[in-house]
Amino acid sequence: VYNQLSVDFGGWREIIKPGAFTQTLATGPDGRAVIDHEGGLNTIGRTRNGTLTLHEDGQGLRVEIEPPDTQAGRDIVTLVDRGDLNQMSFAFWTEQDKWIEMDEYMLRELHQVSIDGGDVAIVTYPAYPQTSIALRALMNLPDIPNDLRPGPDSDRADAAMVQVRQAMRKRRLQLVAME
């Protein structure tokens, strides 16, 4: 989130300046969406395959994740939906920053960062508590045609369930700034 102070990192804090992601997003970075900054089976999206979308808006970096139909994907959707996990973080490389001495701490302004090869993460303890993540469930759920609605014919019922499952996989997690 732009222009918001991070937690205290032990005598210094950060603030992300507007436009810090512009250059890296213009290059089409290969980033991953993960849980608590852990990859492997905790990977739930990637820009390269279109299951993670990143863009800037007036508040900061906006993230959309299409979670997989895996244990981690199902678990994270449940935890976000329940509100157990509701904040984000990101791993990045500093391209341009500025350090400012404040009265109580040093302030690091991030003017340009790269997220190519980095990640966005749904986390338990964020560096920026102003972040949030919300579930947009069943968005764009298609109407099930009458001829596919469950009925006595099990083939039609099975086809309807396949269509519903495919639509449910389109759920997206979205990073939003808290106001």
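Structure's up top.
It should be emphasised that the depicted structure is a prediction, and the values quoted were computed from it without experimental measurement.

Trainee: When you look at the overall build of the protein chain in this model, what are you seeing that I'm missing?
Mentor: Counting its secondary structure elements, the protein chain contains three helices and nine strands. Element order for the protein chain, N to C, with α for helix and β for strand: β-α-β-β-β-β-α-β-β-β-α-β. Within the span of the protein chain, comprising 179 residues, buried residues form 39% of the whole. Of all intrachain contacts in the protein chain linking residues separated by at least 6 positions in sequence, the fraction that spans at least 24 positions is 65%. Carbon and sulfur atoms make up 48% of the accessible area of the protein chain, which totals about 10000 Å².

Trainee: Honestly, the nonpolar core in this entry has me stumped. Any pointers?
Mentor: Across soluble globular proteins, nonpolar side chains have a tendency to be buried as a group. One finds F21, V120 and I122 to be the most contacted residues of the largest nonpolar core, which totals 28 residues. Secondary structure elements with two or more residues in this core: β2 (32-35), β4 (52-56), β5 (61-65), α2 (71-82), β6 (87-101) and β7 (106-123). Considering each element in turn, this core owes the most residues, five residues, to β7. Among residues more than four places away in sequence, those in contact with V120 are R32, A33, V34, L52, L54, L61, V63, M88, S89 and F90.

Trainee: Is there a simple way to think about the environment of D69 in this case?
Mentor: Secondary-structure assignment places D69 in the loop between β5 and α2. Taking the C-alpha atoms as reference points, D69 and I44, separated by 25 residues in sequence, lie 9.2 Å from one another. There is a polar contact of 2.8 Å between the side chain of D69 and the side chain of R74.

Trainee: Explain the side chain of Q112 to me, please; I cannot follow it from the model alone.
Mentor: Secondary-structure assignment places Q112 in strand β7. Within polar-contact distance, the side chain of Q112 engages the side chain of Q23 at 2.5 Å. The residues contacting Q112, other than those within four sequence positions of it, are A20, Q23, T94, E95 and Q96.

Trainee: In this structure, what is going on with α2? I would like to understand it.
Mentor: Residues separated by three or four positions in an α-helix point in the same direction, a consequence of the helix having 3.6 residues per turn. The end-to-end C-alpha separation of α2 is 16 Å, in line with the 16 Å expected for twelve residues at 1.5 Å each. Regarding α2, the residues found buried are A72, G73, I76, V77 and V80. The buried residues of α2 occupy an angular sector of 130 degrees when projected down its axis, which confines them to one face. Turned more than 90 degrees off the buried face of α2, the exposed positions are D81 and R82. Positive backbone phi, at 90 degrees, marks G83, one or two positions downstream of α2.

About the thresholds
Residues numbered from 1 in each chain as written. Predicted model: local features only at pLDDT ≥ 70, side-chain atom pairs only at ≥ 80, totals over all residues. Heavy atoms only, no water. Helix = DSSP H or I, 4+ residues; strand = E, 2+ residues; numbered from the N terminus. Buried < 20%, exposed > 50% of the residue type's maximum accessible area, 1.4 Å probe, protein only. Contact = heavy atoms within 4.5 Å. Areas by Shrake-Rupley, 256 points an atom, 1.4 Å probe, with all protein chains shown as cover. Core = buried A, V, L, I, M, F, W, Y, C linked by side-chain atoms within 4.5 Å. Polar contact = N/O pair within 3.5 Å; in protein donor to acceptor, adjacent residues only side chain to side chain. Expected span 1.5 Å × (residues − 1). Arc of directions from axis to C-beta.

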